[in-house]
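Survey of secondary and tertiary structure
Residues per chain are reported as follows:
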Amino acid sequence: MISLGIDPSGSERRRSGLAVLDDDLKVYTWTAMTNEEICRAAREARPDVVAIDSPLSLPKGRCCARTSCPCAVRGIVRAADRAVAKLGYHPFWTLLPSMVNLTLRGISFKERMEAEGLKVIEVYPGAAQDRLGVPRKKAGVDLLEEALRDLGIRFRDPGRKRVHDELDAVTAAYVGICYLQGRYEAAGPSDEIQIILPLSLRTS
Ligand SMILES: [Zn+2]
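My aim in this report is to walk through the structure given alongside it, one point at a time. (Residues numbered from 1 in each chain as written. Predicted model: local features only at pLDDT ≥ 70, side-chain atom pairs only at ≥ 80, totals over all residues.)

**Things to note about the overall build of the chain**
Each helix and strand counted, the chain has 6 helices and 8 strands in total. Reading the chain from its N end, one meets helices and strands in the order β-β-β-α-β-α-α-β-α-α-β-α-β-β. Its C-alpha atoms give the chain a radius of gyration of 16 Å, within 12% of the compact-globule value 17 Å for 204 residues. Viewed in the frame of its principal axes, the chain has a C-alpha envelope of about 50 × 40 × 30 Å. Burial analysis of the chain (204 residues in total) assigns 42% to the buried set. (Helix = DSSP H or I, 4+ residues; strand = E, 2+ residues; numbered from the N terminus. Rg over C-alpha atoms; globule rule 2.2 N^0.38 Å. Buried ≥ 20, exposed ≤ 12 C-beta atoms within 10 Å, placed from the backbone.)

In structure tokens:
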């Protein structure tokens with residue numbers, strides 16, 4: 001099984017992290033800028049799942065992200081966001097002004113990749129890292145990479161210095177593997193997009 005993790009930026013002008021992880025936990029990571037590069041990577045990796053660290057839907061009842069549209073009365077938060085918050089995490093609301101570009105980009109990736117027959121899930125590495133005992137990125141890339149190694153992940157190019165976008169993509173890809181193996185919890189109502197969280201390694 002292969003999982004492609006993507007930690008997208010909000011624009012083609014900033015780099016996004018990508019990680020291809022197999023179920024032996026061997027991973028290859030890199031960064032990409034354009035939508036084309038990212039969608040091509042998804043095609044070429046032939047993953048069983050694509051796990052994207054970004055909102056992949058608008059709040060229910062929203063037709064767009066414009067604040068001037070009548071749909072704006074439906075707000076900026078999805079049921080899945082609220083469900084993740086209820087679990088004790090702090091997601092950024094889907095249509096916060098600082099999130100709009102990322103959300104719209106994430107939705108476009110989902111649409112393009114699903115049109116090519118790929119399975120796409122939404123993940124939230126912040127929650128995943130907490131549940132897996134992996135430090136957040138403010139702890140520094142070295143600690144984060146070490147914690148991923150402790151999970152059993154083996155980097156194919158161990159000597160190379162990675163950026164945190166790549167390591168967040170590894171976490172996303174790992175959640176994708178958990179999803180494929182049935183070791184996950186889905187937050188949010190089942191008739192809307194759900195956020196996939198790995199089961200906690202800390203629970204006995
Ligand atoms: Zn609208």
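**Here we look at the sheet that holds strand β5 (residues 120-123)**
Taken in spatial order, the 8 strands line up as β6-β3-β2-β1-β4-β5-β8-β7 in an open sheet, and their pairing is mixed. Each having just a single partner strand, β6 (154-155) and β7 (184-187) make up the two edges of the open sheet. The pairing of strand β2 (residues 16-22) with strand β3 (residues 26-32) spans 6 bridges and is classified as antiparallel. What sits directly across from Gly17, in β3, is Thr31. (Pairing = 2+ DSSP bridges.)

**Side note on the environment of Cys64**
Secondary-structure assignment places Cys64 in the loop between β4 (49-52) and α2 (79-86). When sequence neighbours within four positions are dropped, the list of residues in contact with Cys64 reads Cys69 and Cys71. (Contact = placed C-beta atoms within 7 Å.)

**Regarding unusual backbone geometry**
You will see that Leu25, though not glycine, has its phi angle at about 70°, which is positive. Structurally, Leu25 is set in the loop between β2 and β3. With phi around 45°, Arg46 is a residue other than glycine that occupies positive phi space. Checked against the element boundaries, Arg46 lands in the loop between α1 (35-45) and β4.

**Re the pairing of β2**
Counted residue by residue, β2 has 6 buried out of 7 residues, so it is predominantly covered. Where strand β1 (residues 2-7) and β2 come together, 6 bridges link them in antiparallel fashion. Counted as the bridge partner of Leu4 is Val20 from β2. Between β2 and β3, which follow one another and run antiparallel, lie 3 residues, and Leu25 among them has a positive phi close to 70°.

**Observations concerning the nonpolar core**
Residues Val50, Ala51, Ile52, Val123, Val170, Ala173 and Val175 are the most contacted members of the largest nonpolar core, which totals 49 residues. Among the elements that make up this core, the one with the highest residue count is helix α6 (residues 164-180) (10 residues). Once you skip the residues sitting within four places of it in the chain, Val170 turns out to touch Gly5, Ala19, Leu21, Val27, Thr29, Leu148 and Ile153. (Core = buried A, V, L, I, M, F, W, Y, C linked by C-beta atoms within 7 Å.)

**What to know about the packing of α1 against helix α3 (residues 100-115)**
Between two packed helices, the angle of one axis relative to the other and the distance separating the axes together describe the packing. At a minimum axis separation of 11 Å, α1 and α3 run at an interaxial angle of 35°. By crossing handedness, the relation of α1 to α3 is classed as right-handed. Touching Ile38, Cys39 and Ala42 of α1 are Phe109, Arg112 and Met113, all from α3. Across the contact of α1 with α3, the residue classes tally to 5 nonpolar, no polar and 1 charged. (Axes fitted to C-alpha atoms, helices over the stretch in contact; angles between N-to-C directions. Left-handed = near helix turned anticlockwise from the far one by under 90°. Nonpolar A, V, L, I, M, F, W, Y, C, P; charged D, E, K, R; others polar.)

**Details of the pairing of β3**
Where β3 and β6 come together, 2 bridges link them in parallel fashion. Across the sheet, the residue bridging to Lys26 is Arg154, located in β6.

**Section: the packing of helix α4 (residues 125-132) against α6**
In the contact formed by α4 and α6, the axes pass within 10 Å of each other and the chain directions differ by 75°. Taken together, the axes of α4 and α6 are roughly perpendicular relative to one another. Contact residues: Pro125, Ala128 and Gln129 in α4; Asp168, Thr171, Ala172 and Val175 in α6. Tallied by class, residues from the contact of α4 with α6 come to 4 nonpolar, 2 polar and 1 charged. (Parallel < 35°, antiparallel > 145°, perpendicular 65-115°, else oblique.)

**Observations concerning helix α5 (residues 141-150)**
For α5, the set of buried residues is Leu144, Glu145 and Leu148. Within α5, the buried residues cover an arc of 95° as seen down the axis, which keeps them to one side. Exposed residues lying more than 90 degrees from the buried face of α5 are Asp142 and Asp150. On the buried face of α5, the contacting elements are α6. Backbone geometry just downstream of α5 places Gly152 in the positive-phi region, at approximately 105°. (Arc of directions from axis to C-beta.)

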